[in-house]
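# Examining the three-dimensional arrangement
The primary structure of each chain is shown beneath.
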Amino acid sequence: MWGGIAVVLGQFLTPLVDYFEVQSSFFINSIFSVVALILVTLLYLSISHKRKKNLNDIIGCNSLQQSIIRIRPKSTKHIFKAIAVYIWGLGLVLSGFVMYIDSGNILILIIGSGFYFALFAIHRITVEEGYTTVRFID
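These numbers come from a predicted model, not from an experiment. (Residues numbered from 1 in each chain as written. Predicted model: local features only at pLDDT ≥ 70, side-chain atom pairs only at ≥ 80, totals over all residues. Heavy atoms only, no water.)

### A closer look at the packing of aromatic side chains
Which entries qualify depends on this criterion: We call Phe, Tyr and Trp rings a pair once their centres come within 6.5 Å, taking the six-membered ring for Trp, and we label the pair stacked below 30 degrees between planes, edge-to-face above 60, and tilted otherwise. Comment: elements are numbered from the N terminus, with helices defined as DSSP H or I runs of at least four residues and strands as E runs of at least two.
Under the defined criterion, the tally for this structure stands at three aromatic pairs. When the centroid spacing of 6.0 Å and the interplanar angle of 75° are considered together, the rings of Y44 and F117 count as edge-to-face. Within this pair, whereas Y44 is found in helix α2 (residues 26–59), its partner F117 is found in helix α4 (residues 106–122), the two being separated by 73 residues in sequence. Aromatic pair Y44 and F120: ring centres 4.5 Å apart, planes at 10°, arrangement stacked.

### Side note on α4
Keep this limit in mind: Expected helix span is given by 1.5 Å per residue-to-residue step, counting one fewer step than there are residues. Per-residue accessibility, obtained with a 1.4 Å probe over protein chains only, is compared with the maximum for each type, and a residue is labelled buried under 20%, exposed over 50%, and partly exposed between these values. Our arc is simply the arc of the directions from the helix axis toward the C-beta atoms. Any two residues having at least one pair of non-hydrogen atoms within 4.5 Å are treated as being in contact. Pairs of N or O atoms within 3.5 Å make up the polar contacts considered here, provided that, within protein, one atom can donate a hydrogen while the other can accept it, and that residues adjacent in sequence are counted only when both atoms are side-chain atoms.
A rise of 1.5 Å per residue sets the reference length of α4, with its 17 residues, at 24 Å; its end C-alpha atoms lie 24 Å apart and thus fit the reference within 8%. Within α4, the full set of buried residues consists of I108, L109, G112, S113, Y116, L119, F120 and I122. Buried residues of α4, viewed axially, fall in a sector of 160°; they line one side. Packing partners of the buried residues in α4 comprise α2 and α3 (76–103). By the N-cap criterion, in which a side-chain oxygen at the helix start approaches the backbone nitrogen of a residue two or three places on, α4 is capped by N105, the distance to L107 being 3.0 Å.

### Re the packing of α2 against α4
Definition in use: Whenever a helix is involved, its axis is fitted only over the stretch in contact; in every case the axis is a line through C-alpha atoms, and angles between N-to-C directions fall within 0 to 180 degrees. The hand of a helix crossing depends on one turn: near helix anticlockwise from the far one by less than a right angle means left-handed, and clockwise means right-handed. Note on residue categories: nonpolar means Ala, Val, Leu, Ile, Met, Phe, Trp, Tyr, Cys or Pro, charged means Asp, Glu, Lys or Arg, and polar means any other residue, Gly included.
In the contact formed by α2 and α4, the axes pass within 10 Å of each other and the chain directions differ by 35°. Judged by the sense of rotation from one axis to the other, the crossing of α2 with α4 is right-handed. Along the contact surface, α2 presents S33, A36, L37, V40, T41, L43, Y44 and I47, while α4 presents L109, S113, Y116, F117 and F120. Taken together, the residues that form the contact of α2 with α4 break down as ten nonpolar, three polar and no charged.

### Points about the pattern of salt bridges
To be explicit about the condition: By convention in these notes, a salt bridge is any Lys or Arg side-chain nitrogen within 4 Å of a carboxyl oxygen on Asp or Glu.
One pass over the full model with this rule turns up one salt bridge. For the salt bridge of K53 with D57, the shortest nitrogen-to-oxygen distance reads 3.4 Å. A residue pair is termed a helical-turn pair when its members lie 3 or 4 positions apart in one helix, as K53 and D57 do in helix α2 at four residues.

### Overview of the confidence of the model for the protein chain
Put simply, the rule reads: Each residue gets a pLDDT score, which is the predictor's confidence in that residue and runs from 0 to 100.
Looking at the protein chain as a whole, the pLDDT averages 85, with 98% of positions reaching at least 70. The element-level mean pLDDT for the protein chain is lowest in helix α1 (residues 2–17), coming to 80, with α2 highest at 91.

### Things to note about the side chain of S33
Relative to the assigned elements, S33 resides in helix α2. Leave out the neighbours within four places in its chain, and S33 touches F97, Y100, I101 and L109.

### Notes on the packing of α2 against α3
As a reminder, the rule being used: Angles are sorted into four bins: roughly parallel if under 35 degrees, roughly antiparallel if over 145, roughly perpendicular if 65 to 115, and oblique for all others.
At their nearest, the axes of α2 and α3 sit 8 Å apart, and the two run at 150° to each other. By the angle between their directions, the pair α2 and α3 is classed as roughly antiparallel. The handedness of the crossing between α2 and α3 is right-handed. Facing F26, N29, S30, F32, S33, A36 and L37 of α2, the residues of α3 in contact are F97, Y100 and I101. Taken together, the residues of the contact of α2 with α3 break down into seven nonpolar, three polar and no charged.

### Focus: the environment of Y116
On the secondary structure map, Y116 appears in helix α4. For Y116, a relative accessible area of 16% puts it in the buried group. Once the C-alpha coordinates of Y116 and F12 are considered, the two residues, 104 residues apart in sequence, prove to be 27 Å apart. Once residues lying within four places of it in the same chain are set aside, the contact partners of Y116 are L37, V40, T41, V93 and F97. A polar atom in the side chain of Y116 sits 2.9 Å from the side chain of T41.

Structure representation (structure tokens):
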């Protein structure tokens, strides 16, 4: 069923894809890719900084005692799952930017940038929610 929907939508969107084609050289496409990577990274860092500031305003982490901790994963299965998801996401990001450099289609650059932003969100699955054993290092 989903395959049929994808084929029908693909047929409807094919004429629109031509509008996103930009005739440019390999060098210019590479520069646009690097600029897109930098902009997405700066966007993520600004969002992360704002969230950290809001957390500090609510909790007041600066006034609390600070210690270095070591978080141990619950199982090795979780470690391999996190690594596999990260490598899969990295492959999507790299393939998107390589496809843009090769074709020059702006839509591919936008989708690749979205995958790159999602790759940052994948980092958050490395520590599972719930109770976690923590060891203090001092």
